[in-house]
Amino acid sequence: MKKYILIRILKSIVSIFMVVSIVLAMIYTMIPTTKVFEQDPAFRRLSGSDAIFYRYNKLDELGYLDNMTMDDMCRESSDDYAACMISDSEENLRVLQVYEDKGYTIERLVKYQNPDDTSEATVDYIAHYDYNAFQIIFNFWTNLVRVDNSGFVNNTYGKKLSEPVEERYYFGTDQNGVTGLMCSGCRYKYQIYFDGNFPFIHQNIIKLNFGNSFPTNAGVPTMEIISRGQGEQASTEQTFPSGITQTSPYIQTTCEFMPTPDQASLRLFPDQYADCISAYTSPSMIMTSYIFGIASLILVYVIALPFGISMAQHKGKLIDKFGVVVINLLISLPSLALIFFLKYIGSFFGMPDKFPQLGFNDIKSYILPIIILALLSLPSLMMWIRRYMVDQSNADYVKFAKAKGLSQKEIFHKHILKNAIIPIVNGIPGSVILCISGAFITESVFAIPGMGKMLPDSIKVANNNMVITITFILTTLSVLSVLLGDLLMTVVDPRIQLSAKGGD
Amino acid sequence: MTQDSRFTFVKVDESASEHIAAPQYSYWKSVFRRFFSSKVAIFMLVLIIVIILMAIIHPMISGYDNLNMENINDPTSRFLRPSLEHLFGTDSVGRDQFNAVWSGTRTSLFASFAATAVTTIIGVIVGMFWGFSKRLDVIMIEIYNVIANIPYTLVCMLIMYTFGAGLVQLIFAMSCTTWISTAYFIRVQVMIIRDRDYNLASRCLGTPMSKMITHNILPYLISVIMTSISRDVPSFISSEVFLSYLGVGLGQSYASLGRLVQDAVKYIQSAPYLLIFPLVVAASISVSLYIVGQTLADASDPRTHMI
């Protein structure tokens, strides 16, 4: 069994790897890079060589290519920096040749001081190396897991710092009473820490790095966008490392090292760990999707279980026929039509048209989307429960129970249900995931700020990193849910052996 | 003993003896008899035929072009409520919605039928071999595990995103992963039938695999395939509608039910009729196709012909 689980986990990891790699290759090779800049307001304002510099710089950040400005090239490959920086000098051309030999494409940029006068011009070079699909996939996976270490600050920002930072780990309790393993010289000050929030023990050592969002929320890591809170900043009274106590939205445990802090940051954070995530009043995108998903899931099971059971119990009677009609109607109706229909009905009961109208704090915002999500996954579950129950009721043990004189009710609830529920249990983790992916439509229609809405939104603006992040999360979740479903099934029914025994 | 004049010899009629041994049975006749015994199915069949005919014929007459906005500068022809002149009203640029809806229905129907055809053909062929060959099963089950684990909507959106908007891309996006679930569905059925005694006997007698598939197994699967088709077409209609609604479906040059819905959502308060008509047509197509398909699937199962 252990061996089986291990193999399954390995296979799951392989499938996640395959899916994300294929998606990466598709997105990076098939979407023209011009599309990436269509929605970027900063790019549209630029022209001439500035636009070219900006473009290559951004494409470098997004992982399309390796971009080298003259400054980078001279620093890296020339002994005589000053001579190298003079355009078209001997040293300059030699360095360019070095990069050209490495496979870089050199572009010569001419910038005229005066558009009418072509004699006075500055010449600059830029080199870029375009990655192929395999290199992009390799770069993605090698940069995905980021492990923090105490040498981080000195290695990364060494040149910008006046003196090296002390490198050490220590246990301690900070001025706000948060205990944990701290670090000086790491990217994050708090490595492992305990606070009162679920799941009580947190870490900053291993982080997933999916790159930055672009062009919406440019420069913010994609993981931060979907996992940080939304809405207004929530300030609390807290003490800062400098001893100052004031109300602030900063979450100090998330602070990153800031190489060039401003005066205001230095006043609060003398140790330069000043790049903090703020606390917000509303839940994050992932949390929002999950609140809706879980609530609707509970509703689905609360409705579908008793209804499906009584349908099977009264097979061929009125309730069964009515149920079959409802199931067929719900399955065949386009989900969008169903959503708008229910939304229309809801408007008579004073339900808001869009989620942001009343926001997170009003229960009314939640009712309609949850009912709709539930109705979308209700019919198939009900159909399967009925199917399994009806199949089971023809089994020999049911006849035996009848012969022994058990009542119909007893047989159904004590014997058939227990057997029929096994395949249903298998699907429970899966339906948790289905809630998220089914929420694409519902979240878009109601403008719910969740992950389901984020995907079509980021597709529209060509936010590649965000698309890949969400693909990764959804794929991981669904692969995990299948695995958990199988494991849960063996717990419920010990007769089921997942690992095959013997040959064949 | 002399010949008894009360009896006469009759010729042995081979065909009559056949007749007595096996009662008159025609597969397709039974299928139709079974199908037309359901009144709901007949009604739905008429409904879907009317919709399909309208979708084919009406755009030919009206010559509707989604890019033609000749009334865009004429404020009096915008947002006209449904009337005799404009049965479904007009939209924000003065296009007649009755024409638009039928043109859109044609696109949506075409896309979903094409996607179903692709899915079913590939799915059935692959599923057959998959169910038969144990060596293929080892590889295919792994591929299935990878593909089936990815949310379908995600796949559709990603493919439309990378290949761009268009009808061919849409059909490709909708069918490129669904075929494997059809294949898996067929594989399970084939595996159940494969080891039945009559197939074992057939194999012992030296029937080649291709003949086993076409003669022994395929007829048994007709109702299963029908069930799968009747589920696929409405689900593809639904997919087209929401993909276009999310803005990753067809481009501006096509009218489709999803695009009409997407355009109409902005005017849900001021002109709800713009939204209602495409949704009603989409719902009618889905429901009627589903019910017709399910009834036909039931009817095409020979086991229901007994009584």
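Residues numbered from 1 in each chain as written. Chains lettered and ligands numbered in written order. Predicted model: local features only at pLDDT ≥ 70, side-chain atom pairs only at ≥ 80, totals over all residues. Heavy atoms only, no water.

With respect to the overall build of chain B
- Helix and strand counts for chain B come out as twelve helices and zero strands.
- Seen in sequence order, chain B has helices and strands lined up from the N terminus as α-α-α-α-α-α-α-α-α-α-α-α.
- Computed over C-alpha atoms, the radius of gyration of chain B comes to 26 Å, more than 25% over the 19 Å expected from 2.2 N^0.38 for 307 residues, which places it beyond the range of a compact globule.
- Each of the three principal axes of chain B carries a C-alpha extent, and together these read 105 × 60 × 25 Å.
- Expressed as a percentage of its 307 residues, the buried residues of chain B come to 49%.
- At a minimum sequence separation of 6, the contacts of chain B that also span at least 24 residues come to 72%.
- Of the accessible surface of chain B, which amounts to about 15900 Å², a share of 66% is contributed by carbon and sulfur atoms.
- Treating the 21 positive side-chain charges of chain B as one cloud and the 19 negative ones as another, the clouds have centres 6 Å apart. (Helix = DSSP H or I, 4+ residues; strand = E, 2+ residues; numbered from the N terminus. Rg over C-alpha atoms; globule rule 2.2 N^0.38 Å. Buried < 20%, exposed > 50% of the residue type's maximum accessible area, 1.4 Å probe, protein only. Contact = heavy atoms within 4.5 Å. Areas by Shrake-Rupley, 256 points an atom, 1.4 Å probe, with all protein chains shown as cover. Lys, Arg positive; Asp, Glu negative; His and termini not counted. Charge placed at Lys NZ, Arg CZ, Asp CG, Glu CD.)

Topic: the packing of aromatic side chains
- Scanning all chains against the criterion turns up 33 aromatic pairs over all chains.
- Their ring planes at 40° and their centres at 4.8 Å tell us that Phe-37 of chain A and Phe-43 of chain A sit as a pair that is tilted.
- Seen from their ring centres, Phe-98 of chain B and Trp-102 of chain B are 6.2 Å apart, and the 85° between their planes marks the pair as edge-to-face. Of the two residues, Phe-98 of chain B and Trp-102 of chain B are both situated in helix H4 (residues 97-132); the distance of four residues between them amounts to about one turn of the helix.
- On the accessibility criterion, Phe-98 of chain B (14% relative accessible area) is buried.
- With a relative accessible area of 8%, Trp-102 of chain B lands in the buried category.
- Counting every residue linked through ring pairs, the aromatic cluster contains Phe-17, Phe-140, Trp-141, Phe-210 and Phe-472 of chain A.
- Between Lys-343 of chain A and the ring centre of Phe-446 of chain A, over which it is positioned, the NZ or CZ distance is 5.3 Å.
- Over the face of the ring belonging to Phe-185 of chain B we find Arg-231 of chain B, whose NZ or CZ atom lies 5.1 Å from the ring centre. (Phe/Tyr/Trp six-rings, centres within 6.5 Å; stacked < 30°, edge-to-face > 60°. Lys NZ or Arg CZ within 6 Å of the ring centre and 35° of its normal.)

Quick word on the packing of helix H19 (residues 451-460) of chain A against helix H20 (residues 464-492) of chain A
All names here are of chain A.
- Interhelical geometry of H19 versus H20 gives an angle of 145° and a closest axis separation of 9 Å. When the axes of H19 and H20 are compared, the crossing they make is left-handed. Judged by residue contacts, Met-451, Met-454, Leu-455, Ser-458 and Ile-459 of H19 engage Met-466, Val-467, Ile-470, Ile-473 and Leu-474 from H20.
- Among the residues making up the contact of H19 with H20, the classes are represented as nine nonpolar, one polar and no charged. (Axes fitted to C-alpha atoms, helices over the stretch in contact; angles between N-to-C directions. Left-handed = near helix turned anticlockwise from the far one by under 90°. Nonpolar A, V, L, I, M, F, W, Y, C, P; charged D, E, K, R; others polar.)

Some words on the interface of chain B and chain A
- With 33 residues of chain B in contact, the opposing surface of chain A contributes 41 residues.
- Taking both sides of the interface into account, the surface hidden between chain B and chain A amounts to around 3200 Å²; carbon and sulfur atoms contribute 77%.
- Scanning the region where chain B abuts chain A turns up one salt bridge.
- For Lys-11 of chain A, the salt bridge goes to Glu-142 of chain B, with nearest N and O atoms at 3.0 Å.
- Where chain B meets chain A, there are three residue pairs in polar contact (both at pLDDT 80 or more).
- Taken together, the elements giving at least two residues each to the side of chain B that touches chain A come down to helix H5 (134-148), helix H6 (152-163), helix H10 (209-246), helix H11 (257-265) and helix H12 (273-299) of chain B.
- For the side of chain B that touches chain A, the element with the highest residue contribution is H6 of chain B, accounting for eight residues.
- In the side of chain B that touches chain A, the residues fall into 24 nonpolar, seven polar and two charged. (Buried area = accessible area lost by both parts, 1.4 Å probe. Salt bridge = Lys/Arg side-chain N within 4 Å of Asp/Glu carboxyl O. Polar contact = N/O pair within 3.5 Å; in protein donor to acceptor, adjacent residues only side chain to side chain.)

Quick notes on the state of the cysteines
Residue and element names in this part refer to chain A.
- Scanning the entire structure with this criterion turns up three disulfides over all chains.
- The disulfide that involves Cys-74 links it to Cys-84, with 1.8 Å between the sulfurs. On the S-S bond that ties Cys-74 to Cys-84, the torsion sits near -75°, and the link is left-handed. Highlighted residues: Cys-74 in helix H5 (residues 70-77) and Cys-84 in helix H6 (residues 81-85), separated in sequence by ten residues. A single burial state applies to Cys-74 and to Cys-84, both of which are buried. (Disulfide = S-S within 2.5 Å.)

Examining H19 of chain A
Residues and elements named next belong to chain A.
- When you tally the buried positions in H19, you get seven out of ten residues, the bulk of the element.
- If you check which residues of H19 are buried, you get Met-451, Gly-452, Met-454, Leu-455, Pro-456, Ser-458 and Ile-459.
- Where H19 ends, the next residue or the one after it, Ala-462, has phi of about 60°, a positive value.

A short note on the environment of Thr-33 of chain A
Residues and elements named next belong to chain A.
- Here Thr-33 lies in helix H2 (residues 33-38).
- Once the C-alpha coordinates of Thr-33 and Lys-317 are considered, the two residues, 284 residues apart in sequence, prove to be 61 Å apart.
- If we skip the residues at most four places from it in the chain, Thr-33 touches Arg-55, Leu-59 and Tyr-64.

So, the domain arrangement of chain A
- Segmenting chain A into domains produces domain 1 (31-138), domain 2 (149-204 + 235-278) and domain 3 (285-452).
- A C-alpha centroid distance of 46 Å is found between domain 2 of chain A and domain 3 of chain A. (Domains from an automatic or database assignment.)

Quick look at the pairing of strand E5 (residues 168-173) of chain A
All names here are of chain A.
- Pairing between E5 and strand E6 (residues 179-184): six bridges, direction antiparallel. If you follow Arg-168 over to E6, its bridge partner there is Ser-184.
- Where E5 folds back on E6, the antiparallel hairpin that results is connected by five residues, among which Gly-177 adopts a positive phi of roughly 90°. (Pairing = 2+ DSSP bridges.)

Topic: unusual backbone geometry
- Cis geometry marks the peptide bond from Phe-214 of chain A to Pro-215 of chain A, where omega comes out at 0°.
- Positioned with a positive phi, Gln-272 of chain A is a non-glycine residue whose angle comes to about 70°.

Some details on the sheet that holds E5 of chain A
All names here are of chain A.
- Spatially, E5-E6-E7-E8 is the arrangement adopted by the four strands of the open sheet, whose pairing is antiparallel. At either margin of the open sheet sits one strand with a lone partner, and together these are E5 and strand E8 (201-203). Between one strand axis and the next, the sheet turns by 15° as a mean value, whatever way the strands run.
- Two elements, strand E7 (residues 190-194) and E8, share three bridges in a ladder whose sense is antiparallel. Bridged to Tyr-193 within E8 is His-202.

Some thoughts on the side chain of Ser-239 of chain B
Residue and element names in this part refer to chain B.
- Counting through the fold element by element, Ser-239 comes out in helix H10.
- Side-chain polar atoms of Ser-239 contact the backbone oxygen of Ser-235, separated by 2.7 Å.
- Excluding anything up to four places from it in sequence, Ser-239 contacts Tyr-152 and Met-174.

Focus: the pattern of salt bridges
Residue and element names in this part refer to chain A.
- In the structure shown here, the tally under the stated rule is 18 salt bridges over all chains.
- Between Arg-94 and Glu-91 there is a salt bridge; the shortest N-O distance is 3.2 Å. Residue Arg-94 and its partner Glu-91 are located together in helix H7 (residues 90-101), separated by three residues, close to a single helical turn.
- The salt bridge involving Glu-256 is made with Arg-187; its shortest N-O contact spans 3.2 Å. A residue pair is termed long-range when its members are at least 10 positions apart, and Glu-256 in strand E13 (residues 250-256) and Arg-187 in the loop between E6 and E7 qualify at 69 residues.

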